[in-house]
Amino acid sequence: MTIREQLEARELEYLSPFAAKSVQTKGREVPEAECDIRPAFQRDRDRILHCKSFRRLKQKTQVFLLPEGDHYRTRLTHTLEVSQIARTIVKALRLNEDLTEAIALGHDLGHTPFGHAGEKALNKVFHFAHREQSVRVVERLEKDGQGLNLTWEVRDGILNHQISGVPHTLEGQVLRLSDKFAYMHHDIDDAIRGGILKEEDIPGEFRRVLGCDGKARLNKMIHDVIINSMGKSEIRMSQEVETAMFGLRSYMYQSIYTNPKAKLEEDKAIHMVEQLYLYYTRHPKHLPAHYLQVMEDAGDSLEQVVCDYIAGMTDTYAVKMFQAIFVPESWVY
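Quick notes on the rules
Residues numbered from 1 in each chain as written. Predicted model: local features only at pLDDT ≥ 70, side-chain atom pairs only at ≥ 80, totals over all residues. Heavy atoms only, no water. Helix = DSSP H or I, 4+ residues; strand = E, 2+ residues; numbered from the N terminus. Rg over C-alpha atoms; globule rule 2.2 N^0.38 Å. Buried < 20%, exposed > 50% of the residue type's maximum accessible area, 1.4 Å probe, protein only. Areas by Shrake-Rupley, 256 points an atom, 1.4 Å probe, with all protein chains shown as cover. Lys, Arg positive; Asp, Glu negative; His and termini not counted. Charge placed at Lys NZ, Arg CZ, Asp CG, Glu CD. 1 Å grid on protein atoms, 1.4 Å probe; cavity = no way out; pocket = protein on both sides within 12 Å on 5 of 7 lines; lining within 4 Å. Points joined across faces, edges and corners; volume = space filled by probe spheres on them. Nonpolar A, V, L, I, M, F, W, Y, C, P; charged D, E, K, R; others polar. Core = buried A, V, L, I, M, F, W, Y, C linked by side-chain atoms within 4.5 Å. Contact = heavy atoms within 4.5 Å. Salt bridge = Lys/Arg side-chain N within 4 Å of Asp/Glu carboxyl O. Phe/Tyr/Trp six-rings, centres within 6.5 Å; stacked < 30°, edge-to-face > 60°. Lys NZ or Arg CZ within 6 Å of the ring centre and 35° of its normal. Axes fitted to C-alpha atoms, helices over the stretch in contact; angles between N-to-C directions. Parallel < 35°, antiparallel > 145°, perpendicular 65-115°, else oblique.

**With respect to the overall build of the chain**
And then number 1: Of the regular secondary structure elements, the chain holds 16 helices and 0 strands.
And then number 2: By the compact-globule yardstick of 20 Å for 333 residues, the chain fits well, its C-alpha radius of gyration being 21 Å.
And then number 3: On the principal axes, the C-alpha backbone points of the chain span a range of 75 × 55 × 30 Å.
And then number 4: For the chain, the proportion of its 333 residues judged to be buried stands at 54%.
And then number 5: Summed over all atoms, the accessible surface of the chain reaches about 16,200 Å², with 52% contributed by carbon and sulfur.
And then number 6: Taking the 44 positively charged and 49 negatively charged side chains of the chain as two groups, their mean positions are separated by 1 Å.

**Concerning empty space enclosed by the protein**
And then number 1: A full pass over the atoms with the stated rule returns 2 cavities of 30 Å³ or more.
And then number 2: Empty space within the largest cavity amounts to approximately 50 Å³.
And then number 3: Lining the largest cavity, in full, are Met184, His185, Ile188, Gly214, Arg217, Leu218, Met221 and Leu248.
And then number 4: Put simply, the parts of the chain that give the lining of the largest cavity at least two residues each are α9 (170–193) and α11 (214–229).
And then number 5: Per element, the largest residue contribution to the lining of the largest cavity is 4 residues, and it comes from α11.
And then number 6: Residues belonging to the lining of the largest cavity are distributed by class as follows: 5 nonpolar, 2 polar and 1 charged.
And then number 7: There is about 30 Å³ of room inside the second largest cavity.
And then number 8: The wall of the second largest cavity is formed by Gln62, Val63, Phe64, Pro67, Tyr72, Arg73, Asp187 and Asp190.

**Examining the environment of Ile3**
And then number 1: Counting through the fold element by element, Ile3 comes out in helix α1 (residues 3–14).
And then number 2: Looking at Ile3, the relative accessible area reads 46%, which means it is partly exposed.
And then number 3: Distance from Ile3 to Cys35, taken between C-alpha atoms, is 9.2 Å for residues 32 residues apart in sequence.

**Structural notes on the nonpolar core**
And then number 1: Residues Ile48, Ile89, Val154, Phe181 and Leu248 are the most contacted members of the largest nonpolar core, which totals 65 residues.
And then number 2: Per-element accounting of this core gives the leading share, 10 residues, to α9.
And then number 3: Residues in contact with Ile48, not counting those within four places in the same chain, are Phe54, Ala102, Leu105, Gly106, Leu109, Leu148, Leu150 and Val154.
And then number 4: Among the nonpolar cores identified, the runner-up in size contains 27 residues, and Ile270, Tyr277, Leu302 and Met321 belong to it.

**Comments concerning unusual backbone geometry**
And then number 1: Backbone geometry at Phe114 places phi at a positive 65°, although glycine is not the residue there.
And then number 2: A relative accessible area of 3% means that Phe114 is categorised as buried.

**Re the layout of surface pockets**
And then number 1: The calculated volume of the largest pocket comes to roughly 470 Å³.
And then number 2: As for the largest pocket, its lining consists of 27 residues, and the residues nearest its centre are His111, His116, Tyr183, Tyr253 and Tyr257.
And then number 3: For the lining of the largest pocket, the per-class residue count stands at 7 nonpolar, 11 polar and 9 charged.
And then number 4: Here the second largest pocket defines a volume of roughly 340 Å³.

**Side note on the pattern of salt bridges**
And then number 1: In total, this model carries 30 salt bridges according to the counting rule given.
And then number 2: Here Asp179 and Lys180 are joined by a salt bridge, their closest N and O atoms 3.4 Å apart. By the burial criterion, Asp179 is buried, and Lys180 matches it.
And then number 3: Via salt bridges that share partners, Arg38, Arg45, Asp46, Arg87, Lys91, Glu97 and Glu101 belong to a single interconnected network.

**So, the packing of aromatic side chains**
And then number 1: Using the criterion set out here, one finds 7 aromatic pairs in the structure.
And then number 2: When the ring of Phe322 is compared with that of Phe326, the centres are 4.9 Å apart and the planes differ by 40°; the resulting orientation is tilted. With a gap of 4 residues between them, Phe322 and Phe326 both fall in helix α16 (residues 315–326), about one helical turn apart.
And then number 3: Using a relative accessible area of 34% as the deciding quantity, one classes Phe326 as partly exposed.
And then number 4: Taken together, the ring pairs in this structure connect Tyr279, Tyr280, Tyr291, Tyr309, Phe322 and Phe326 into an aromatic cluster.
And then number 5: For Lys26, the ring lying beneath its charged end belongs to Trp152, and the centroid distance is 3.9 Å.

**Describing the packing of helix α7 (residues 130–145) against helix α8 (residues 152–159)**
And then number 1: Contact pair α7 / α8: the axes reach a minimum separation of 8 Å and the direction vectors enclose 155°. Considered as vectors, α7 and α8 are oriented roughly antiparallel to each other. In contact with Arg131, Glu132, Ser134, Val135, Val138 and Glu139 of α7, α8 contributes Arg155, Ile158 and Leu159.
And then number 2: Grouping the amino acids of the contact of α7 with α8 by side-chain chemistry returns 4 nonpolar, 1 polar and 4 charged.

Given below as structure tokens:
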């Protein structure tokens, strides 16, 4: 037996009956030879970790646009926190950790620069959703148009990671909740750090159920999922904790995500993304060559490919390109 086959056999022996097994994957769009060491989902995790889109997450906004400070979250640190939370839960439930981590690392690959402000801007000019773009990144855009050829289970988890989605694996269901747990925890932490919010501002009804600090709340939500999902064919929470979680999430939209102080520069970011979109749709020859090649090979519309290019930009690169295109340079004699 190869090392991979031994690991696959170990999964069948140890993992929960409800876990996704590497040997039972629905497979890849393009069949390929198996690795002699790594099972399919571990291989997918590695492919995502080493791709360019993953590295660019380090300079993409989570909530605060281009924050001055080393300790605010970025899209990359958000992704790593989601992965850690999800792995904690699936390990306790004896689900497939490799599959969960692959979904976690890939779930935001399609996110725009400037966070949801950038997503809002692209959706305004062209239908755009970052969950769909994340799938497009791994299926078509990475590796200069070849894609990463991931398994069906990983792509399904990425596509359905938002609350409105319905993942077909328990690992995907865990990831969907872990994403919420992560951003609720760290966005409150960043808001407190940035003077947007104080812990005492959080309504008492949520603090009584979930806890009176970030660590307690995260601990409560993780434990609640594990306790209520153990030995079951679906991932669930208790009614009390789930109600408090969604109530706190609604409060965060009012106090953080739409707070004028936190979103002071958001209109500028939206304007910047819209202008970049208009410029490249009018001047397609200025797009990088491999994006034009993707458009030619796949028959995608110009508008779609322009969105691909802009969504792949980091915050700093988007600002740089906007300045290069629209801000005149000083004349030097």
